[in-house]
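Single-letter residue listing:
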Amino acid sequence: MSSRASKRTRMSASERREQLIAVARTLFAKKGFEATSIEEIANRAKVSKPVVYEHFGGKEGLYAVIVDRELTAIYTTVTQALESSSSASVIVERAALALLTYIEESSDGFRILSSNSFHTPSSGDNHGSDTYSTLLADVAIQVSGLLATQFSAHGLDPRTAPLYAQMLVGIVAMPSQWWLENPAMSKEEVAAHMVNLAWNGLRAMTPRPTLRDTPDADA
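Here the structure is a predicted model, which means the values were calculated and not measured.

Once that is clear, we can look at the overall build of the chain. When helices and strands are tallied, the chain shows 11 helices and zero strands. The order of α-helices and β-strands along the chain, N terminus first, is α-α-α-α-α-α-α-α-α-α-α. Residues classed as buried in the chain amount to 38% of the 219 residues present. Within the chain, contacts between residues separated by at least 24 positions form 66% of all contacts whose residues are at least 6 apart in sequence. When the accessible surface of the chain is totalled, it reaches about 12,400 Å², and 53% of it is carbon and sulfur.

Quick look at the packing of helix 5 (residues 59-83) against helix 7 (residues 107-114) now. Orientation of helix 5 relative to helix 7, taken along the N-to-C sense of each, is 110°, at an axis distance of 10 Å. Comparing their axes, helix 7 and helix 5 come out roughly perpendicular. Residues Tyr-63, Ile-66, Val-67, Glu-70, Leu-71 and Ile-74 of helix 5 form the contact with helix 7, whose participating residues are Gly-109, Phe-110, Ile-112 and Leu-113. A breakdown of the residues in the contact of helix 5 with helix 7 according to their chemical character gives eight nonpolar, one polar and one charged.

Counted according to the given criterion, the structure contains seven salt bridges. One salt bridge in this structure joins Glu-70 and Arg-25, with 2.7 Å as the shortest N-O distance. Taken as a pair, Glu-70 in helix 5 and Arg-25 in helix 2 (residues 13-31) lie far apart in primary sequence, 45 residues in all. Taking relative accessible area as the criterion, Arg-25 reaches 21% and is therefore assigned partly exposed. Its salt-bridge partner being Glu-40, residue Lys-31 comes within 2.7 Å of it at the nearest N-O pair. Classification of Glu-40 as buried rests on a relative accessible area of 18%. Among the ionic contacts, a cluster of salt bridges with common partners joins Lys-31, Glu-40 and Arg-44.

Cut-offs applied
Residues numbered from 1 in each chain as written. Predicted model: local features only at pLDDT ≥ 70, side-chain atom pairs only at ≥ 80, totals over all residues. Heavy atoms only, no water. Helix = DSSP H or I, 4+ residues; strand = E, 2+ residues; numbered from the N terminus. Buried < 20%, exposed > 50% of the residue type's maximum accessible area, 1.4 Å probe, protein only. Contact = heavy atoms within 4.5 Å. Areas by Shrake-Rupley, 256 points an atom, 1.4 Å probe, with all protein chains shown as cover. Axes fitted to C-alpha atoms, helices over the stretch in contact; angles between N-to-C directions. Parallel < 35°, antiparallel > 145°, perpendicular 65-115°, else oblique. Nonpolar A, V, L, I, M, F, W, Y, C, P; charged D, E, K, R; others polar. Salt bridge = Lys/Arg side-chain N within 4 Å of Asp/Glu carboxyl O.

The structure is reproduced here in structure tokens:
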């Protein structure tokens, strides 16, 4: 017993911090912010509650560190995938695969980012720009710039690129959340279906689309 305690005391401060982050990450993903307690985190890590407070100041601080790490990871993954995209179909394909790969490799992190408990309730702080929806908005801005260039080259109005960028991000983001809980298909299959919907729609776009089912059309 004393041998185990001795080994724990030899853990460096940075190692202990990483251990607490790993333990809390799993609990937050499984139970959510509200249902996870400092006591449970401490028990899982085999430390006292003051150790957790010493490193993070409380549950909110620990949660914020985890969220910031996951946001950085997913943003880097997706933006790197978009950097060398050369066509609308490749934009969707690379973004889809990048996001799905992140979900596959960091499912706990994605559950935390996309959960309704993505905030620190006791402090009333929702991390401002550090939300999953804002992350998607940032990605949409990048996609918009890529699409604007493509639209201009094909005689389409580049001013509509932001709207279409939001649509493409939606095609990727929402099914990705669904796939997390319904992983019957591989990420490659899911990405291919996303591209199928997006690309078959994009390549047949008209410069000035109109609604088909309107009162004027029936007249």
